[in-house]
Amino acid sequence: MRTVQGAALDGLRARVRALGAEAPDRRTPAAPTFGARLRDFVRTGTPRASAAALSALRARRGDAPVLVRTRSGRTFLVLLDPPDLHRFYAEPVSLLAADPPEKCRGLGLAEPAGTGCARGELRAQRRRINEEALAAGTPVHPSGATFLAAVAEEAPHLTATRTLDLVRARHAVHRAARRIVLGDAAASDEELAGWLRQLRGGRARTARTVYGKALARIQEYAAHADGNTLVGRATSRAAPSGALDPLRQAHHWLLAMDAVPGTVLRTLLLLGAHPAEQDAAAAEAARGGAGGELPRLRACVRESLRLYPVVPDLIRVTRTPTEWRGVRYPAGTAVLLPAAFHQRDPERVPAAHVFVPGRWKNPDADRDVRIAPFSHGDGRCPGDQLGLMITAAFCAEVLRGHRLAAARPVLDPVGPLPATLDPGAIRITLTRR
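Conventions adopted
Residues numbered from 1 in each chain as written. Predicted model: local features only at pLDDT ≥ 70, side-chain atom pairs only at ≥ 80, totals over all residues. Heavy atoms only, no water. Phe/Tyr/Trp six-rings, centres within 6.5 Å; stacked < 30°, edge-to-face > 60°. Buried < 20%, exposed > 50% of the residue type's maximum accessible area, 1.4 Å probe, protein only. Lys NZ or Arg CZ within 6 Å of the ring centre and 35° of its normal. Helix = DSSP H or I, 4+ residues; strand = E, 2+ residues; numbered from the N terminus. Expected span 1.5 Å × (residues − 1). Salt bridge = Lys/Arg side-chain N within 4 Å of Asp/Glu carboxyl O. Disulfide = S-S within 2.5 Å. Pairing = 2+ DSSP bridges. Contact = heavy atoms within 4.5 Å. Axes fitted to C-alpha atoms, helices over the stretch in contact; angles between N-to-C directions.

A. Structural view of the packing of aromatic side chains. Summed over the entire model, instances satisfying the criterion amount to one aromatic pair. Judged by centre distance (5.5 Å) and plane angle (85 degrees), the ring pair of Phe88 and Tyr89 falls under edge-to-face. For Phe88, a relative accessible area of 3% translates into the label buried. A cation sits over an aromatic face here: Arg87 above Trp324, 4.0 Å from the ring centre. The ring of Tyr308 carries Arg344 above its face, with NZ or CZ at 5.4 Å from the centroid.

Dropping the structure here:
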């Protein structure tokens, strides 16, 4: 068994430098070499890497995990093979932590109780609060009728003009989110929304004060919230007690809804580029789902998230010395799973760069570690089904009375889709059906 420490790490860095100095292929001078792509990956201060760089890394190094040091000084063990993905998702959080240290420090400034980085029994109890409130694994939330009514009442903000963009999507979704989490009285609370944006920005000097204001406002709404809201469900299932106060999860639920507007826009943009899929989804929307199930539209949302995941890279940190493929790594090793790369890996995923919602009809698709919009195992998002229900419902409300006539950017319905889609740049033209 080898041990990756000291001289071994120096040797890896030397190999990276050597690869970066490789001469370009004279037969294809316009194409970036593996060395150039690897330099781009190592030069970045973040774990995100291009698909080309990761493909080249796998071609040169094989499927075994590769240790890469970024320019910022961080070292990541990058996973390139499905068996390692299985292990990544299967390892308990006691061995492979779902909370990198810098994330914990950032949350700790805003949340003295350490909501996002709890461990052991405290984490297990918080997980139970989330799963019960969000009805984890249930396709239609027990409060689904109330939540869908909120979506239907806020959706007209999306279609108030002929052009749908991110500003309108955020306005409608955030109003509905506050109603779903806190109750109807919170719908117009833009001050609370502003505090949450500040928390998302993570400014250390003001985080604790802002978090205190947001929590106090949430407590005010919770005092009058009924059992159909998320805070109502949470408080009815766990008595507030300091660090275990279930209301401390409420702002996480609101922040999690930030992903919905962009996903709605990307899904509608993809449907606009695929007329047959749009017509089928519109027909389902017109019929109405069984309490909000909308299986075809949910498949479209899942496919949108496969192509454009909310979290493109997943990071875990080893809590004990760990062996991967015969190499022993010390505790504290950051393990990187490049989810966006694996979900669009043409060597492993059929039609990887094409919008194919039908792939989600296969029940095994939800268990495929290569395509994991909501992750797997202990780290799976407990609100995945609720998120799908809300996102599909917003799309259905738009499609019920409107056709997606034109859009920017223009997508090729048969060619490879772009690697990224900035929701802020999306403009969709609506016409009446």
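More follows now that the structure is in view.
B. Up close: helix H13 (residues 259–273). For H13, with 15 residues, the first-to-last C-alpha span of 22 Å sits near the 21 Å given by 1.5 Å per residue. With respect to burial, H13 is a largely interior element, 13 of its 15 residues being buried.

C. Expanded view of the pattern of salt bridges. Taken as a whole, this structure holds 27 salt bridges when the rule is applied. Glu190 is the salt-bridge partner of Arg178, the closest N and O atoms lying 3.3 Å from each other. On the criterion of sequence distance, the pair formed by Arg178 in helix H8 (residues 166–182) and Glu190 in helix H9 (residues 190–201) is long-range, its members being 12 residues apart. By sharing partners, the salt bridges in this structure join Asp63, Asp81, Asp84, Arg325 and Arg348 into a single network.

D. Structural detail: the state of the cysteines. According to the stated counting rule, one finds zero disulfides in the structure shown. Between Cys395, a cysteine without a disulfide, and Cys300, which holds the nearest cysteine sulfur, the sulfur-to-sulfur distance is 8.2 Å. What makes Cys395 buried here is its relative accessible area of 0%.

E. Representation of the sheet that holds strand S4 (residues 96–97). The mixed open sheet is built from five strands, whose spatial order is S2-S3-S9-S6-S4. The open sheet has two free edges, formed respectively by strand S2 (66–69) and S4, since each of these has just one partner strand. As paired strands, strand S6 (residues 314–318) and strand S9 (residues 334–337) are joined by four bridges and run antiparallel to one another. Residue Arg316 lies in a different strand from S9, and its bridge partner there is Val335. In the packing of helix H4 (residues 82–90) onto the sheet, the strands contacted are S4, S6 and S9, and the crossing angle to S9 comes to about 120 degrees.

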